[in-house]
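Each chain is listed here by its residues.
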Amino acid sequence: MSEQDERPRIPPGQVVTRKFPVMTAGTPKVAPQEKWTLTVDGKVETPLQLTWSDFSKLPTQEFTVDIHCVTKWSKLDTVWRGVSLDVLLDLAKPLPEARYVSAVSDGDYSANLRTEDLVGGKAFVATHFDGQPLSEEHGGPARLVVPGLYFWKSAKWLRRLTLSEYDYKGFWEKLGYHNYGDPWKEQRYRG
Ligand SMILES: Nc1nc2c(c(=O)[nH]1)N[C@H]1C(S)=C(S)[C@@H](COP(=O)(O)O)O[C@H]1N2
Ligand SMILES: [Mo]
């Protein structure tokens, strides 16, 4: 092993699980596939409102990633299929000032992110997990996945991405979770 390979695989304070815990705040109201739409709006040149049928025509990729929940479980090599945020943002064309994104779910949940953390292959909208359509408890029909940040940023039942020049706090961020949530820096809760 060379020196570069010695970066630990598990972020500090995390424990690996083989299970896939369900972590949901409240009782979400989930749109069935026929009624589901994904909106990309705010500071973009071309706002999008995609039906399931529109969304299904976009190119998908397989992503194998590690996920890290702030409650200290990590799950390695999870396999997803979905549409890269690069594809969606290439269509919507963020304006130069659109530095932040609010990911909004069905029901009362959202997470705030930086646009730069969603591009370059770092985030996707997943419709499949382990070769199967994403189950409702894990966010089906479609959820955001941003593996580089704690998993609360990965909004389940994703319905809207709003780009903005402002950073509006999401559900957990308002309640005291860290605004950014880098697992490698243990940015769990606000200082
Ligand atoms: N809409 C919505 N998305 C959500 C949540 C939620 O409660 N509602 N919980 C978050 C948290 S804290 C985590 S750890 C992950 C859990 O995803 P899972 O239930 O698929 O493990 O989803 C995130 N996305
Ligand atoms: Mo979480």
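Before reading on, note that the structure itself is shown above.
Reading the values: rules and limits
Residues numbered from 1 in each chain as written. Chains lettered and ligands numbered in written order. Predicted model: local features only at pLDDT ≥ 70, side-chain atom pairs only at ≥ 80, totals over all residues. Heavy atoms only, no water. Helix = DSSP H or I, 4+ residues; strand = E, 2+ residues; numbered from the N terminus. Buried < 20%, exposed > 50% of the residue type's maximum accessible area, 1.4 Å probe, protein only. Near = heavy atom within 4 Å. Polar contact = N/O pair within 3.5 Å; in protein donor to acceptor, adjacent residues only side chain to side chain. Areas by Shrake-Rupley, 256 points an atom, 1.4 Å probe, with all protein chains shown as cover.

## What about unusual backbone geometry?
So, step 1. Cis geometry marks the peptide bond from glycine 140 to proline 141; its omega dihedral reads 15 degrees.
So, step 2. Mapped onto the secondary structure, proline 141 falls in the loop between β9 (132–133) and β10 (143–145).
So, step 3. At aspartate 77, a position not held by glycine, the phi torsion is positive, near 55 degrees.
So, step 4. Tracing the chain through its elements places aspartate 77 in strand β5 (residues 73–84).
So, step 5. Judged by its relative accessible area of 45%, aspartate 77 falls in the partly exposed class.
So, step 6. Of note, tryptophan 157 is a non-glycine position whose phi angle comes to about 50 degrees, a positive value.
So, step 7. Mapped onto the secondary structure, tryptophan 157 falls in the loop between β10 and β11 (158–164).
So, step 8. For tryptophan 157, a relative accessible area of 8% gives the class buried.

## Describing the site of ligand 1
So, step 1. Surveying the vicinity of ligand 1 reveals 19 residues, the closest of which are Pro21, Ala25, His138, Arg143 and Lys156.
So, step 2. One nitrogen or oxygen atom from the side chain of arginine 143 is found 2.7 Å from an oxygen atom belonging to ligand 1.
So, step 3. Within the backbone of serine 154, a nitrogen or oxygen atom sits 3.0 Å from a nitrogen atom of ligand 1.
So, step 4. Calculation on ligand 1 without its partners gives an accessible area of 530 Å², and the protein chains cover 97% of this total.

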